[in-house]
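# Per-entry structural report
Listed below are the residues making up each chain.
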Amino acid sequence: MSILLKVDNIHTHIGQYHILQGVSFEAKEGEVSVLLGRNGAGKTTTLKTIMGLTPATSGTVTFLNEGITKNATHHIASNGIGYVPEDQGIFGALTVEENLKVAMRKEDDAARERQEYVLELFPDLKKYWKKEGGHLSGGQKQMLSMARAFINDSKLLLIDEPSKGLAPVVIEKVMEAIVEMKKQTTIILVEQNFIMASRIGDTYTLIDDGETVQSGQMSELVQNEELKRQYLGIG
Amino acid sequence: MELIINLLINGLATGMLIFLLAAGLTLIFGLMDVLNFAHGGLFAWGAFSGVWFYGLTNSFTVAIIGAILTGIVLGFITEKLIITPVYGNHIQQILITLGFMIVLSEMLKVVFGPNQLAAKTPPLLSGSWEIGDVIIIKYRLFIIIVGLIVFGVFQFILKRTKIGLIVRAGVMNKEMVQALGINIKQVFLYVFMAGAALAALGGALMAPYSGVVYAEMGMEFAILAFIVVVIGGMGSFPGSLLAAILVGLAGSFMAYYVPALSLAVNMMLMAIVLIFRPQGLFTAKG
Ligand SMILES: Nc1ncnc2c1ncn2[C@@H]1O[C@H](COP(=O)(O)OP(=O)(O)O)[C@@H](O)[C@H]1O
Ligand SMILES: [Mg+2]
């Protein structure tokens, strides 16, 4: 399978802080690549660096064989990367419908069909179509944020801790949606919930202190008790 | 009773003029996080160019359109030259826009001469209606109606169009808007130009109302507009209308009943609002 996105030895500074100090990994087309690591390891910053929100000071990000390291965020997004941030980034005073409308870059028949498909995937959104984003539950906000990133036929989705703060039943729904989206697109997932991560992840990249420690197949990590204990505090 | 109605109409008319200035300011601040102290300069340019176009063509419609176009052009230049280099830095914004305000004022004197100009009211809008004992000055009513129309049009754009949605979303979360593939810098420019157009329209409408235009008029109104932005809630369009009306009415009634307080009343209003609702009457951040 071809490599869709390649992150090569990126370093990112935020203000005076040197946050990422050598993150590297690849996302292959059609796979779910999971970024793992403790709180504060640099997972969110890695996604933001890919999106150009906190651009890398050195290293390269390559998407579809093109360097995007220094590109503006809106170019990166319209090139086909959808972003579901850790805080979901819902526009609170806009309705569900409006949140999706802001995201939709086209409004032709294909786009409307796409919207129908996305709403089948997230039926709750249809139910709360006219409700303000700020009044949705945590799970509904997560669904809306994923739908919004997915609605433009993105080639790659970056999803940051979708299970955070959600009840187990809701997590199950979110997971099902991700499995469904995986059929259509490539996904980079940040996930602290290891059970969830290991169930839907194909590959993993372990980040610690702003650096890639190890990458490989998820099935290998599941069996590597040492790695899990040392970096994830489990096992 | 006639007195009350007169004060009411005066207050509303002044309020609408302040609103035209504050509407741009609040969107520019809410969306772009830019403190624009040059906004009053655009108002004054609107006033002068309106008078100039009126003198040239004898058509008030042309005067208004000319003033709006002047505002749009100046808004474009200001955003590109003055604002773009200082995004994200409030101190620099205050310094450079205050400086530019002075430049705009001085340029008025260069272009139109150092003295104040007299502004005529178009014949169609001159005079007044008498309804019983109540005398309604036509031009003031005209200002109120124009203000309401502008509010309606912009409210429609903000609520019902894609660009309006993007602006509202941008006020709430700029990063996310960009992450959805939208070039927010482009949107900033449009909003700035729209704000400048409103300010210039305000100035052009102000001219016949006050009878004269002078370079410093922009600064005087800008201060009121800043107070309105704070009272209404930064970034809130309806908030700026409501607050502008409040400030206009308070000024009008105080000037009659307690003249000594007519200048202080705006500060008092702002202080009261800040004590009970520090975020302003409305919030746009959602
Ligand atoms: N805006 C910021 N300013 C300063 N430090 C930051 C900022 N954002 C993140 N950090 C720091 O960078 C490190 C990595 O953060 P983050 O990428 O959010 O980690 P993770 O998502 O893995 O929990 C943390 O130590 C965090 O405190
Ligand atoms: Mg994080």
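First, a word on scope: everything that follows refers to the structure included in this document. This structure is a prediction, so every number in the text was calculated from the model and none was measured.

What chain A contains, in helices and strands, is 10 helices and 10 strands. Taking 235 residues into account, the globule formula puts the C-alpha radius of gyration at 18 Å, and chain A, at 17 Å, falls close to it. Taken along its principal axes, the extent of the C-alpha atoms in chain A is 45 × 40 × 35 Å. Among the 235 residues that make up chain A, the fraction classed as buried is 53%. Sequence separation of 24 or more characterises 69% of the internal contacts of chain A that already satisfy a separation of 6 or more. Summed over all atoms, the accessible surface of chain A reaches about 10300 Å², with 47% contributed by carbon and sulfur. The distance from the centre of the 25 positive side-chain charges to the centre of the 31 negative ones in chain A is 3 Å.

Turning our eyes to something else, we now look at the coordination of the magnesium ion (ligand 2). For a metal with four donors in a tetrahedral arrangement, the ideal angle between donors is 109.5 degrees, while six donors in an octahedron ideally sit at 90 or 180 degrees. The coordination sphere of the magnesium ion (ligand 2), as far as protein atoms go, consists of A:Thr44 (OG1), A:Glu86 (OE) and A:Glu86 (OE), spread over 2.0 to 2.8 Å. Placement of A:Thr44 in helix α1 (residues 43-51) and of A:Glu86 in the loop between β6 (81-84) and α3 (96-103) is noted, with a sequence separation of 42 residues between them.

Our next topic: the site of ligand 1. Residues and elements named next belong to chain A. Taken together, Ile14, Tyr17, Ile19, Arg38, Asn39, Gly40, Ala41, Gly42, Lys43, Thr44 and Thr45 make up all the residues around ligand 1. The side chain of Lys43 places a nitrogen or oxygen atom 2.8 Å from an oxygen atom of ligand 1. With respect to ligand 1, the side chain of Thr44 contributes an N or O atom lying 2.7 Å from an oxygen atom. Contact with the protein chains removes 60% of the 560 Å² of surface that ligand 1 exposes when unbound. Among the secondary structure elements, those contributing two or more residues to the shell around ligand 1 are β2 (17-28) and α1. It is α1 that provides the largest number of residues to the shell around ligand 1, a total of 3 residues. The class makeup of the residues in the shell around ligand 1 is 4 nonpolar, 5 polar and 2 charged.

The next subject is helix α10 (residues 237-257) of chain B. All names here are of chain B. Over its 21 residues, α10 extends 30 Å from the first C-alpha to the last, a length consistent with the 30 Å expected when each residue adds 1.5 Å. All of the buried residues in α10 are Phe237, Gly239, Ser240, Leu241, Ala243, Ala244, Ile245, Val247, Gly248, Ala250, Gly251 and Ser252. Tucked inside the fold, the buried residues of α10 contact α1 (2-32), α5 (138-160), α9 (217-232) and α11 (264-276). The backbone nitrogen of Gly239 has a side-chain oxygen 2.9 Å away, supplied by the residue at the start of α10, namely Ser236.

A few words now on the packing of aromatic side chains. Going through the model one piece at a time under the given rule, you end up with 17 aromatic pairs over all chains. Taking 5.0 Å as the distance between ring centres and 85° as the angle between the ring planes, the aromatic pair formed by B:Tyr256 and B:Tyr257 counts as edge-to-face. A residue is classified by how much of its surface remains accessible, and B:Tyr256, at 47% relative accessible area, is partly exposed. In this structure an aromatic cluster arises from ring pairing among B:Phe19, B:Phe151, B:Phe154 and B:Phe237. If you follow A:Arg148 out to its NZ or CZ, it ends over the ring of A:Phe91, 5.0 Å from the centre. A cation sits over an aromatic face here: B:Lys120 above B:Tyr54, 5.7 Å from the ring centre.

The partner chain A presents 22 residues to the 18 residues of chain B that form the contact. Summing the contributions of chain B and of chain A, the shared interface buries around 1700 Å²; its carbon and sulfur component is 66%. Where chain B touches chain A, the interface holds 1 salt bridge. For B:Arg168, the salt bridge is made with A:Glu98, and the minimal N-O distance between the two is 3.2 Å. Across the contact surface, chain B and chain A share 4 residue pairs in polar contact (both at pLDDT 80 or more). Only α6 (162-172) and α7 (174-179) of chain B provide two or more residues apiece to the side of chain B that touches chain A. The biggest single contributor to the side of chain B that touches chain A is α6(B), with 6 residues.

As a further point, take the packing of α6(B) against helix α8 (residues 184-210) of chain B. Residues and elements named next belong to chain B. Interaxial distance between α6 and α8 falls to 11 Å at its minimum, and their mutual angle equals 105°. By the angle between their axes, α6 is roughly perpendicular relative to α8. Contacts from Ile163, Ile166, Val167 and Gly170 in α6 reach Ile184, Val187, Tyr190 and Val191 in α8.

Residue and element names in this part refer to chain A. Strand order in this open sheet of 4 strands is β2-β1-β4-β5, and the pairing throughout is antiparallel. Every interior strand has two partners, whereas the edge strands, β2 and β5 (66-67), have only one. Pairing between strand β4 (residues 58-63) and β5: 2 bridges, direction antiparallel. Across the sheet, residue Phe63 finds its bridge partner in β5, namely Glu66. Relative to the sheet, α1 contacts β1 (3-14), β2 and β4, its axis offset from that of β2 by approximately 75°.

Time to look at the pattern of salt bridges. Residues and elements named next belong to chain A. As enumerated under the stated definition, the model contains 17 salt bridges over all chains in all. For Glu180, the salt bridge is made with Lys183, and the minimal N-O distance between the two is 3.0 Å. Using a relative accessible area of 64% as the deciding quantity, one classes Lys183 as exposed. Residues Glu225 and Lys228 are paired through a salt bridge, measuring 3.7 Å at the closest nitrogen-oxygen approach. Highlighted residues: Glu225 and Lys228, both in helix α10 (residues 225-232), separated by 3 residues, approximately one helical turn. For Glu225, a relative accessible area of 38% translates into the label partly exposed.

Residues and elements named next belong to chain A. Strands sit in the order β6-β7-β8-β3-β9-β10 across an open sheet of 6 strands; the sheet is mixed. Of all the strands in the sheet, just β6 and β10 (211-217) have a single pairing partner and so form its edges. Between one strand and the next, the sheet's axes are offset by a mean angle of 15°, whatever the strand orientation. Judged from the 6 bridges that link them, strand β9 (residues 203-208) and β10 form a sheet pairing that is antiparallel. When the bridges of β10 are listed, Tyr204 appears paired with Gly216. Taken strand by strand, α1 contacts β3 (32-36), β6, β7 (156-160), β8 (186-190) and β9, and its axis lies near 150° from that of β7. Its contacts with the sheet place helix α7 (residues 168-182) against β3, β7 and β8, and it is angled at close to 150° to β8.

Cut-off values and rules
- Residues numbered from 1 in each chain as written.
- Chains lettered and ligands numbered in written order.
- Predicted model: local features only at pLDDT ≥ 70, side-chain atom pairs only at ≥ 80, totals over all residues.
- Heavy atoms only, no water.
- Helix = DSSP H or I, 4+ residues; strand = E, 2+ residues; numbered from the N terminus.
- Rg over C-alpha atoms; globule rule 2.2 N^0.38 Å.
- Buried < 20%, exposed > 50% of the residue type's maximum accessible area, 1.4 Å probe, protein only.
- Contact = heavy atoms within 4.5 Å.
- Areas by Shrake-Rupley, 256 points an atom, 1.4 Å probe, with all protein chains shown as cover.
- Lys, Arg positive; Asp, Glu negative; His and termini not counted.
- Charge placed at Lys NZ, Arg CZ, Asp CG, Glu CD.
- Donors = N, O, S within 2.8 Å, 3.2 Å for Na, K, Ca; no water.
- Near = heavy atom within 4 Å.
- Polar contact = N/O pair within 3.5 Å; in protein donor to acceptor, adjacent residues only side chain to side chain.
- Nonpolar A, V, L, I, M, F, W, Y, C, P; charged D, E, K, R; others polar.
- Expected span 1.5 Å × (residues − 1).
- Phe/Tyr/Trp six-rings, centres within 6.5 Å; stacked < 30°, edge-to-face > 60°.
- Lys NZ or Arg CZ within 6 Å of the ring centre and 35° of its normal.
- Buried area = accessible area lost by both parts, 1.4 Å probe.
- Salt bridge = Lys/Arg side-chain N within 4 Å of Asp/Glu carboxyl O.
- Axes fitted to C-alpha atoms, helices over the stretch in contact; angles between N-to-C directions.
- Parallel < 35°, antiparallel > 145°, perpendicular 65-115°, else oblique.
- Pairing = 2+ DSSP bridges.

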